[in-house]
Amino acid sequence: MSCSPIVLKDYVLKELGDAERRAVDAHLKSCTGCREELERLRLTEAALFSLREEEIPQRIAFVSDPVFEPSTWQRVWSGFWGSAARLGFASAALLSGAIVYSAVTRPAPVAVTPAAPAVPTIANVQPAPAVSEAEIQNRIDVAVRKAVAASREQEMVQVRQLVGDLQQKRQQFTLALAQLEVDEHKLSDLRHSGYYPTSASVREQQ
Amino acid sequence: MIFRAVEDGDLIRQAARGSVEAYNLLVSRWEKRVYNYLLRITGNREDALDLTQDVFLKAYQNLRKLDDPGRFAPWLYRIAHNEAYSMFRKRRPETDVDDLEPEATETGITVGGSAVFPVELSLAVASALERLSPDQREAVVLKVYQGFKFEEMAEILACPVSTVKSRLYTAFDLLKTELAPVSARGVS
C-alpha cells in the first residue's frame, strides 16, 4: 500500500478489516513518515480520552414516575379501549342501533274498533312510548361512564400497590446502604489502626 | 467484558410489552452514555440532563416502533440527536444549526480530576472540542467517546457515510494540530 493519511485514521479508529490492518502494519515497518503520523494520531486519541465520562447528576425518572405516565385522558382512553368495556360498549351500540332502526321503521299500530263491548285486548293497551334517540344516547353515555370509572378504579388500585411496593423496596435499599456505610466505616477504622483482617480472622469474628 | 444475564434485546421486547421493570433496567444501562453524549454536544449539564430525560421518555413512547432490537443504540442516539437539535432550533430559531456552538465556559466542560492525566490536558481537549464545528464535534463524540461504527453514525446523523467520514477526518486533523504536542508533553 502507499502512504494514506485517511487509511491511517481508519486504522486508529478501528474501521479497517483484518486484511487492511495487516497491510497497514506491513507498510508501517518500512515507512517512517506514516509511523510518525500514526504516532501523532494516537497521541491525539489519547488526549481525547483524557476527558473522562461524567456521572449523571441525577438518575433518570423511571416509567413509574408521573412524568412517564400517559395523561389522564390517554389513560382513560387506552384503559377503556383496551378492556372488556370495549365489548360491552360495542354490544350496547349495536343494540341501540337495532332499537332505533326498529322504532323508525316499524309501522304505526292500526286501531281496530271492536263491534262487541270493549274487551281488554292487546290492541287497547297503550303502547309504551318509543324511546327517543336522546334517551338512548343518554343510556349509552351512562354505560360508558360506568365502564370508564370501573376501569380507572382498577388502575388506581394497581398504581397504589406499585407505589407501596416501591416504597418498601426503597426502604430496604436505604437500610442496606446504611449498613454498607457502617461496615465501610468499621473497615476504615481497622485499617487506620493498622489491623488488616484476613479471611481467617473475619471468620473468627463472625 | 461485563456479563449480562439479560441482554438489551430481551429488555426491549419486555418493555415493549409494557414491563416497567425491564424499561427501568434498560434506562439504567444507557442513561450515563446518553447523558455524556448530550453533555459533549450541548456543553451544558442542565440541558444534557433535561434532554436525557426527554430522550428516554420519547424512546419509551416509541419503543413499539423499533423493529429490530439489535438497532436500539443507533435508534436511541438518533432520538437524542433530534432532541438536542430541536432544542438548539427553539433557542435560536433564526440561526442556522450548523453555526451553533455549545455554550462557552471559561474552562470548557469540567472534568473530574485525574492523577493519570494532567488537568491541563483535559482542559486543552475541552477547549479544542469547543473550537470544532457542531457537526465535527458530534462526529468525534459518537466515534471516539461512544464507539459507533461509520454506518451507525450515518444512521444517527441521517447523512451519508461519506459525510460522516469527511467530518471526522477534518476534525481529527484539527485536533491533531492542537492536541498531539500537548499530549506528547503529558505522556513524556
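As the structure is a computational prediction, the values presented were derived from the model and not from experiment. (Residues numbered from 1 in each chain as written. Chains lettered and ligands numbered in written order. Predicted model: local features only at pLDDT ≥ 70, side-chain atom pairs only at ≥ 80, totals over all residues.)

Novice: Before we go on, may I ask you to explain the confidence of the model for chain A in this structure?
Specialist: Across chain A, pLDDT averages 75, with 67% of residues at or above 70. For the stretch residues 116–125 of chain A, pLDDT sits under 50, and the model shows four contacts to residues farther than four places along the chain or on other chains. (pLDDT = per-residue confidence, 0-100. Contact = placed C-beta atoms within 7 Å.)

Novice: For this particular structure, what's the right way to read the interface of chain B and chain A?
Specialist: By convention, interface size is frequently given as the accessible area that disappears when the constituent parts associate. Opposite the 37 residues of chain B that make contact, chain A presents 29 residues. Only α2 (20–42), α3 (45–62), α5 (119–131), α6 (134–145) and α8 (161–187) of chain B provide two or more residues apiece to the side of chain B that touches chain A. Here the side of chain B that touches chain A is built from residues that sort into 24 nonpolar, eight polar and five charged. (Helix = DSSP H or I, 4+ residues; strand = E, 2+ residues; numbered from the N terminus. Nonpolar A, V, L, I, M, F, W, Y, C, P; charged D, E, K, R; others polar.)

Novice: Just checking my understanding: could you explain unusual backbone geometry for this structure?
Specialist: For residues other than glycine, phi is negative in most cases, and the peptide bonds are mostly trans. We note that Lys 14 of chain A has phi near 60°; this positive angle belongs to a residue other than glycine. When you line up the elements, Lys 14 of chain A lands in the loop between α1 (5–12) and α2 (18–30). Under the C-beta neighbour-count criterion, Lys 14 of chain A is labelled exposed, with 10 such atoms within 10 Å. Despite not being glycine, Ala 158 of chain B has its phi angle at roughly 55°, a positive value. Counting through the fold element by element, Ala 158 of chain B comes out in the loop between α7 (150–157) and α8. (Buried ≥ 20, exposed ≤ 12 C-beta atoms within 10 Å, placed from the backbone.)

Novice: What is the right way to read α5 of chain B from this model?
Specialist: In an α-helix, one turn spans 3.6 residues, which is why side chains three or four residues apart end up on the same side. All names here are of chain B. Taking 1.5 Å per residue, 13 residues should reach 18 Å; α5 reaches 19 Å between its end C-alpha atoms and fits that length. Residues Leu 121, Ser 122, Ala 124, Val 125, Ala 128 and Leu 129 constitute the buried set of α5. Across the axial projection of α5, the buried residues extend over an arc of 160°, all falling on one side. Relative to its buried face, α5 has exposed residues pointing more than 90 degrees away, namely Glu 120 and Arg 131. (Expected span 1.5 Å × (residues − 1). Arc of directions from axis to C-beta.)

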